[in-house]
Structures are given as structure tokens and as C-alpha cells.
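Below are the chains, spelled out letter by letter.
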Amino acid sequence: MKYNRVHLEAFGYALPPEVVTSEQIEERLTPIYDRFGLHIGRLELMTGIRERRLWPDGSVPSDGSTLAGRKALNNAELEPDDIDCLLHTSVSRDFLEPATAAVVHHNLDLPQRAPYFDISNACLGFVNGMLTLGNMIELGQVQRGLVVASEHSRKLIESTIAQLLANESLDRQVFKNAFASLTIGSGAVALVLAHESVAKSEHKLVGGVARSATEHNDLCRGSADTGFSGDA
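Here the structure is a predicted model, which means the values were calculated and not measured. (Residues numbered from 1 in each chain as written. Predicted model: local features only at pLDDT ≥ 70, side-chain atom pairs only at ≥ 80, totals over all residues. Heavy atoms only, no water.)

(A) Highlighting the sheet that holds strand E5 (residues 116–118). Overall, mixed pairing links the five strands, which are arranged E1-E7-E6-E4-E5 in an open sheet. One side of each edge strand has no neighbouring strand; the edge strands of this open sheet are strand E1 (6–14) and E5. Each strand axis lies, on average, 15° off the axis of its neighbour in the sheet, ignoring direction. Of the pairings in the sheet, the one linking strand E6 (residues 144–151) to strand E7 (residues 187–195) comprises eight bridges and is antiparallel in character. Within E7, the position partnered with Ser150 by the bridge is Ala188. In the packing of helix H4 (residues 61–75) onto the sheet, the strands contacted are E1, strand E4 (86–88), E6 and E7, and the crossing angle to E1 comes to about 130°. (Pairing = 2+ DSSP bridges. Helix = DSSP H or I, 4+ residues; strand = E, 2+ residues; numbered from the N terminus. Axes fitted to C-alpha atoms, helices over the stretch in contact; angles between N-to-C directions. Contact = heavy atoms within 4.5 Å.)

Shown next, in the form of C-alpha cells:
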């Protein structure tokens, strides 16, 4: 797909305040390390990841998306009423329904005329959102739109550590396969896209290419989404 009228107006991002090092995670896994004769530092050695950030307990994905979205609007020198569409594109969601985009839409005080929806497609969600919004702008359906995402990794990391420690029959291969879940971090990002007729930036979205290799759908599967609120 090619675009002739879509501009990248401004990005916004938000970083969680809590820093968790790979060494801190490994110290919690000391019983397993001792069992297998492993040394602290293996997680960073295998992944190159020294630390990751986590949102505070009790926060939800819409919180981070709201922060990043507000920064993107400020950086683009726009008001909420200037936005014609909102897409929330992260794996993490406040709940299964309604769309987390609805919460962000409300938090940012976007106009009632602006439609909103979630796009969930693992690591590709934000790029999918850019292309979807780009299509809408290119077709003249909207003039400006906002793509947001906020990932929360705390529950995944905590559940992975708990499952590993509770697994009395754990072997090296299963432990190694779990390492990816211990590397995941948290953060939020947002992007304003605009039609050339109202754009302030000269940066253009020139196009995108999409390919599907769904035969690999068995890779990196996550558990059912039980939400981020209450006792779920």
C-alpha cells in the first residue's frame, strides 16, 4: 500500500517509573539456579537485556496510553477536538470489553464524532494501527487520527516466576523456553497522523507492506486475556 497524503505529525511516549533488573529477577529464581548449577547473569547474557520497566501495581493499560496520547497531542500542538479517530493497538487491555480505546477516548476528552476501536495483533499492533489509520486518511475519511499503545508486563513476569518456582519437575529446556517471558518490559507510545491538507510536519508515511505467515501461529502463544482489573 502506498500513501500520498499521510503525514507523521508527532510522537509521544511514557516510561514506567519502576526499573527491574535481570539480576533482581534471577535472585528470585535462586532455587532453580542452584538446582541447575547456573550463575546470576545468565538472563542478561542470553538476551542482552539488563533491565526493564514496570508500571505500578493497580495501573491499567489505558493509563499509559492516555499519558502517551496526551504527549503526542501536545507535541503536535493539537487540541482533543482536532482528532477524528482513535486506535488502541497494544496486546494489553483494561478488559475484554468495552474496547480499551473507549477509556482512552474519554480520558483524552476526544470529540463524540471521533470513532474508536482496538487493534490487537501481538507485536505488530501499532504498525497495523498506523496502516489502518493511514488508509482512512488517504481515503479522506478522517483528517487527523491518533494511534496509541501501552504494554503491561508485570503480570506476565510475576506469573512466570511463580509457575517456574512451583514446577517440581522443571527441566532445563522448559526453563530456557520461559526466558522470553522474563524479558518483557512495559511502556506506552502514541502517534498523530494527519492529512497533508492540515499537516504541520513535512514527514510523510510513504507506504507499508503486509505479509502473513500464519502457519507459525503456534509461536509465542499467550494465555486467555482475563483483564487487568478486580480479582481476575
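(B) Examining H4 more closely. Helix length check: H4 (15 residues) gives 21 Å between terminal C-alpha atoms against 21 Å at 1.5 Å per residue, within 8%. All of the buried residues in H4 are Pro61, Ser62, Gly64, Ser65, Thr66, Ala68, Gly69, Ala72 and Leu73. At its buried positions, H4 is contacted by E1, E4, helix H5 (100–107), E6 and E7. Glu77 occupies a position one or two residues after H4 and carries a positive phi of about 55°. (Expected span 1.5 Å × (residues − 1). Buried < 20%, exposed > 50% of the residue type's maximum accessible area, 1.4 Å probe, protein only.)

(C) The nonpolar core, seen in detail. Membership of the largest hydrophobic core comes to 19 residues, with the highest contact counts inside it found for Leu78, Ile83, Leu86, Leu146, Val148, Ala190 and Val192. The set of elements that each furnish at least two residues to this core consists of E1, H4, H5, E6 and E7. In this view, Ala190 contacts Ala10, Phe11, Gly12, Ala68, Gly69, Ala72, Phe126, Leu146, Val147 and Val148; residues no more than four positions away in its chain are not counted. (Core = buried A, V, L, I, M, F, W, Y, C linked by side-chain atoms within 4.5 Å.)

(D) Region of the structure containing the pairing of E6. Across the eight residues of E6, seven count as buried, placing the element largely inside the fold. When E4 meets E6, the two strands line up parallel, connected through three bridges. The partner of His88 across the bridge, within E6, is Val148.

(E) Highlighting unusual backbone geometry. Omega for the peptide link from Glu97 to Pro98 comes to -5°, which places this bond in the cis form. For Pro98, the location among the structural elements is in the loop between E4 and H5. Non-glycine residue Asp109 carries a positive phi angle of around 60°. Summarising the element assignment, Asp109 is placed in the loop between H5 and E5. According to the relative accessible area criterion, Asp109 is exposed, its value standing at 60%.

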